[in-house]
Number of protein chains: 2
Amino acid sequence: MIQAYAVKQPRGRLERIAYDPGALGSDQVEIDVIACGVCHSDLSMVNSEWGDIGYPFVPGHEVVGTIAQIGARVQHLKIGDRVGLGWFSGSCMVCNQCLSGNHNLCPTREQTIVGRHGGFADKVRCSAEWATPLPAGIDIRKAGPLFCGGITVFNPLVQFDVRPTHRVGVIGIGGLGHLALQFLNKWGCEVTAFTSSDAKRDEVMQMGAHHAVNSRDASQLSKLAGSLDFILSTVAVDLDWESYFALLAPRGRLHIVGAAPSPIPVPAFTLIGHQRSLSGTPAGSPFVIRTMLDFCARHRIEPVVEYFPMSRVNEALAHLAAGKARYRIVLENDLA
Amino acid sequence: MIQAYAVKQPRGRLERIAYDPGALGSDQVEIDVIACGVCHSDLSMVNSEWGDIGYPFVPGHEVVGTIAQIGARVQHLKIGDRVGLGWFSGSCMVCNQCLSGNHNLCPTREQTIVGRHGGFADKVRCSAEWATPLPAGIDIRKAGPLFCGGITVFNPLVQFDVRPTHRVGVIGIGGLGHLALQFLNKWGCEVTAFTSSDAKRDEVMQMGAHHAVNSRDASQLSKLAGSLDFILSTVAVDLDWESYFALLAPRGRLHIVGAAPSPIPVPAFTLIGHQRSLSGTPAGSPFVIRTMLDFCARHRIEPVVEYFPMSRVNEALAHLAAGKARYRIVLENDLA
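A quick note: this is a predicted structure, and the numbers were derived from the prediction, not measured. (Residues numbered from 1 in each chain as written. Chains lettered and ligands numbered in written order. Predicted model: local features only at pLDDT ≥ 70, side-chain atom pairs only at ≥ 80, totals over all residues. Heavy atoms only, no water.)

Novice: Could you clarify how one ought to interpret the packing of helix α4 (residues 149-159) of chain A against helix α5 (residues 177-187) of chain A in this entry?
Specialist: In a pair of packed helices, the angle between the axes and the distance between the axes together describe the arrangement. Residue and element names in this part refer to chain A. Contact geometry of α4 with α5 gives a least axis separation of 9 Å together with a crossing angle of 35°. By crossing handedness, the relation of α4 to α5 is classed as right-handed. Judged by residue contacts, Gly149, Gly150, Val153, Phe154, Leu157 and Val158 of α4 engage Leu179, Ala180, Phe183, Leu184 and Trp187 from α5. (Axes fitted to C-alpha atoms, helices over the stretch in contact; angles between N-to-C directions. Helix = DSSP H or I, 4+ residues; strand = E, 2+ residues; numbered from the N terminus. Left-handed = near helix turned anticlockwise from the far one by under 90°. Contact = heavy atoms within 4.5 Å.)

Following this line, the structure appears as structure tokens:
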């Protein structure tokens, strides 16, 4: 039996449950959970913001741990290996997307907390290709948030060929944004942080921003008109998008990884006049995750985390909901 | 004096005028107009759809003709050279955009019919870099529409690296779309034409489409779900954009060159889930125009045109406004 924390009804509190995961699939692995990050999407799903989910619902998709069991056909992992697991937990391996290295875009991809149980638990399972080994130099206790928050902001840099010569803005300096600043600084870019919190100013500069701009100050924004090659929005709120399009240099891209609740309105001439793009990406593929982990190890990039024991998961979610997380919460497994 | 056709008030008829262009700039050329295509944007501006324009207003930005005069500093053109002139007529040559080959994105670019007089005239002027020589093999009488309609749909194929292995859809088979079909067919792509006119079906297949889909038939659209790498929208109307996003393959792009009147609403998850992009481009740079003309000459790509004498310009605009142009109207200069 797997011990886990689950909600049993919409907007419920998490309660301890046990469930039988059945026989391990031949292409699967089982992970002994050491720790699991808490992502805003865990909270959104607990709060039923993205529609119906089945119950009981076990959140958690920023898992780190060690391999506890391997399926009969798994060759490349062994018991005890340190691995991480993020938003995706399975892919068909034979569709065009999988065969071209884009397993994260597989039409039948499995998502760790959609229709199955996640990592707020003592164990969690996934298809072996999604259990990514941690390279030496990665602190496993802190690494969980790299597997969703981290890869979600690293992936677009790879997919859209962000260059070291680019000027890049990051909107929202939270769990995702604080990692984006670190990545982009080491990527070689000139980095501007947009945050509504002046209190974070010194911290964002330490994380790698070269400039910090208060996103609620229109005069600060307007000084950047036409200057940014890439803007990465990590926020799950509606913004005055046109004011950010105006900051893009010709050929610039506004890229969305945060789940803004309302459709983004885009006038045709906003795109046409200066060859602008709007785009979005999900979490990255297994290969891009490996690439990110190597980059983190080389540049000593780490999430800034606050620890809670997993038994205090409700308190942790309340802390996140209150906007107080600095910058990512990690639940340490204390299930006995 | 230059003889031209102009509107003198919002939504007016075109009337013959004469104007004094002043001394020729040292970096300019003057073109003896042989013919000038009629673009939907000429009509939009005559109809004051895009805000105020100065009067008298001389439309026309698909000009072909021969060099009549060259400025003192112009070395690479000579009197009598066959050239074309499109939407842009000047650029600063020294900003980052100009110096990187993107003169069409120069912040101080000049537009042929914005704040100056266009090509519904016996002569028109431009900065020399925007008077593009016609290679051998290009029929000058037909070539005008390449300089706006043509380059507007050719440019995105270059800018966004459309590959011969891609599946590409074209929305709207008119002045722009009928050239896009020809380009894409010779580019090596699998080409799907979306048109609301079943009457055009045989013609679009002859132009290079491999499939013709009635865009008003939801069941035909839904069969293409997830299949297209690139969709090029040439229409200046609001569409059910979500139904076209749904046709994109993972990593696909919806690209806009038509001036849809209302903002395009884009849900964040429409972009994020499958790594989709939305983008737009203006007409291309001088180098991309040269590249297009070489491609047209090599593959015998030509606009399908209807000729009107320039003196019947009002009749020509009415024909266009009625949706009857097959596929591009060209005004032949009969000003004496």
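After that view, the rundown keeps rolling.
Novice: Any chance you could explain the sheet that holds strand β14 (residues 248-256) of chain B here in plain terms?
Specialist: Strand pairing in a sheet is mediated by backbone hydrogen bonds. Such pairs are either parallel or antiparallel. Read across the sheet, twelve strands follow the order β12(A)-β11(A)-β10(A)-β13(A)-β14(A)-β16(A)-β16(B)-β14(B)-β13(B)-β10(B)-β11(B)-β12(B) without closing on themselves; strand pairing throughout is mixed. One side of each edge strand has no neighbouring strand; the edge strands of this open sheet are β12 (211-214) of chain A together with β12 (211-214) of chain B. Taken pair by pair, the neighbouring strands of this sheet meet at an average axis angle of 20°, ignoring direction. In this sheet, β14(B) lies alongside strand β13 (residues 228-233) of chain B in parallel orientation, the contact comprising five bridges. Residue pairing for β14(B): B:Ile231 is matched across the bridge by B:Leu254. Sitting on the sheet, α5(A) touches β10 (167-171), β11 (190-195) and β13 (228-233) of chain A, and the angle it makes with β10(A) is about 170°. (Pairing = 2+ DSSP bridges.)

Novice: Any chance you could explain the domain arrangement of chain A here in plain terms?
Specialist: Quite often, the size of an interface is put as the accessible area lost when its parts meet. Residue and element names in this part refer to chain A. The domain boundaries assigned to chain A delineate domain 1 (2-148 + 284-332) and domain 2 (151-280). Between domain 1 and domain 2, the residue contacts involve 21 residues of the former and 20 residues of the latter. Here domain 1 and domain 2 share an interface that buries about 1,800 Å² over both sides, 68% of which is from carbon and sulfur atoms. On the domain 1 side of the contact with domain 2, Val288, Phe295 and Tyr327 bury the most area, a combined 34% of that side's loss. Viewed at the interface, domain 2 and domain 1 are joined by zero salt bridges. The interface formed by domain 1 and domain 2 contains seven residue pairs in polar contact (both at pLDDT 80 or more). At seven residues, helix α10 (residues 286-299) tops the list of elements feeding residues into the side of domain 1 that touches domain 2. (Domains from an automatic or database assignment. Buried area = accessible area lost by both parts, 1.4 Å probe. Salt bridge = Lys/Arg side-chain N within 4 Å of Asp/Glu carboxyl O. Polar contact = N/O pair within 3.5 Å; in protein donor to acceptor, adjacent residues only side chain to side chain.)

Novice: Just to check I follow, could you spell out the interface of chain A and chain B for this structure?
Specialist: With 34 residues of chain A at the contact, the number on the chain B side is 34 residues. Three residues, A:Leu105, A:Ile272 and A:Gln275, lead the burial of chain A against chain B; their summed loss comes to 21% of the area buried on that side. For the pair chain A and chain B, the number of links is zero salt bridges. Across the chain A-chain B interface, the total number found is 15 residue pairs in polar contact (both at pLDDT 80 or more). Those elements that provide at least two residues to the side of chain A that touches chain B are β14 (248-256), β15 (264-266), α9 (268-272) and β16 (277-280) of chain A. Considered class by class, the residues forming the side of chain A that touches chain B number 19 nonpolar, eleven polar and four charged. (Nonpolar A, V, L, I, M, F, W, Y, C, P; charged D, E, K, R; others polar.)

Novice: Just checking my understanding: could you explain unusual backbone geometry for this structure?
Specialist: As a rule of thumb, non-glycine residues mostly have phi less than zero, and peptide bonds are mostly trans rather than cis. Residue and element names in this part refer to chain A. Between Tyr55 and the following residue, Pro56, the backbone shows a cis peptide bond with an omega angle of -5°. Following the sequence through the fold, Pro56 ends up in the loop between α1 (40-46) and β4 (63-70). For Met93, which is not glycine, the phi torsion reads 75° and is therefore positive. Within the secondary structure, Met93 is located in the loop between β6 (88-90) and α2 (96-99). Relative accessible area serves as the criterion here: at 38%, Met93 is assigned to the partly exposed category. (Buried < 20%, exposed > 50% of the residue type's maximum accessible area, 1.4 Å probe, protein only.)

Novice: How should the packing of aromatic side chains be read in this particular structure?
Specialist: What describes a pair of aromatic rings is the distance from one ring centre to the other and the angle between the planes of the rings. A complete count under the given rule lists 14 aromatic pairs over all chains for this structure. Ring geometry for A:Phe194 against A:Tyr244: centres 5.5 Å apart, planes inclined by 90°, an arrangement best described as edge-to-face. Of the two residues, A:Phe194 sits in strand β11 while A:Tyr244 sits in helix α8 (residues 241-245), which places them 50 residues apart along the sequence. The pair A:Phe194 / A:Tyr244 is uniform in exposure class, with both members buried. When the centroid spacing of 5.5 Å and the interplanar angle of 85° are considered together, the rings of B:Phe154 and B:Trp187 count as edge-to-face. Taken together, the residues B:Phe154 in helix α4 (residues 149-159) and B:Trp187 in helix α5 (residues 177-187) connect sequence positions 33 residues apart. A network of ring pairs unites the aromatic residues A:Phe154, A:Phe183, A:Trp187 and A:Phe295 as a single cluster. Over the ring of B:Tyr327 we find B:Arg326, and its NZ or CZ is 5.9 Å from the ring centre. (Phe/Tyr/Trp six-rings, centres within 6.5 Å; stacked < 30°, edge-to-face > 60°. Lys NZ or Arg CZ within 6 Å of the ring centre and 35° of its normal.)

Novice: I'm lost on the relation of the copies chain A and chain B in this one. Help?
Specialist: Note on the chain copies: they are related by a rotation about an axis and a translation along it. Laying chain A over chain B is done by rotating through 180° and shifting 0.0 Å along the axis; what remains is an RMSD of 0.0 Å. Expressed as a symmetry operation, the mapping of one chain copy onto the other fits a two-fold axis. When each C-alpha of chain A is compared by its distance to the rotation axis, A:Pro265 comes out closest, at 2.2 Å. With an isologous cut-off of 70% or more, the 100% of interface residues of chain A that recur at the interface of chain B puts this contact in the isologous class. (Least-squares fit on C-alpha atoms with pLDDT ≥ 70 in both.)

Novice: Can you walk me through the side chain of A:Lys200 in this structure?
Specialist: Residues and elements named next belong to chain A. Looking at where Lys200 falls in the secondary structure, it is placed in the loop between β11 and α6 (201-207). Here Lys200 is buried and forms no salt bridge, its nearest opposite-charge partner Glu203 lying at an N-O distance of 7.2 Å. Ignoring anything within four residues of it in the chain, the contact list for Lys200 reads Ile173, Thr195, Arg326 and Tyr327. (Lys, Arg positive; Asp, Glu negative; His and termini not counted.)

Novice: What's the story with a nonpolar patch on the surface in this structure? I'm lost.
Specialist: Residue and element names in this part refer to chain A. Where nonpolar side chains cluster on the molecular surface, the patch consists of Met93, Val94 and Leu99 and spans about 320 Å² of accessible area. Relative to the elements of secondary structure, Leu99 occurs in helix α2. When its relative accessible area of 63% is taken as the criterion, Leu99 is described as exposed. (Patch = residues over 30% accessible without salt bridge, like charges linked within 9 Å, V, L, I, M, F, W, Y side chains within 5 Å. Areas by Shrake-Rupley, 256 points an atom, 1.4 Å probe, with all protein chains shown as cover.)

Novice: Where do I start with the environment of B:Arg82 in this structure?
Specialist: All names here are of chain B. Structurally, the position occupied by Arg82 is in strand β5 (residues 82-85). Residue classification places Arg82 among the partly exposed positions, given a relative accessible area of 30%. Between the alpha carbons of Arg82 and Thr132 there is a distance of 8.3 Å; along the sequence they are 50 residues apart. Apart from the residues lying within four places of it in its own chain, the contact partners of Arg82 are Gly65, Thr66, Thr132, Pro133, Leu134, Pro135, Ile138 and Ile140.

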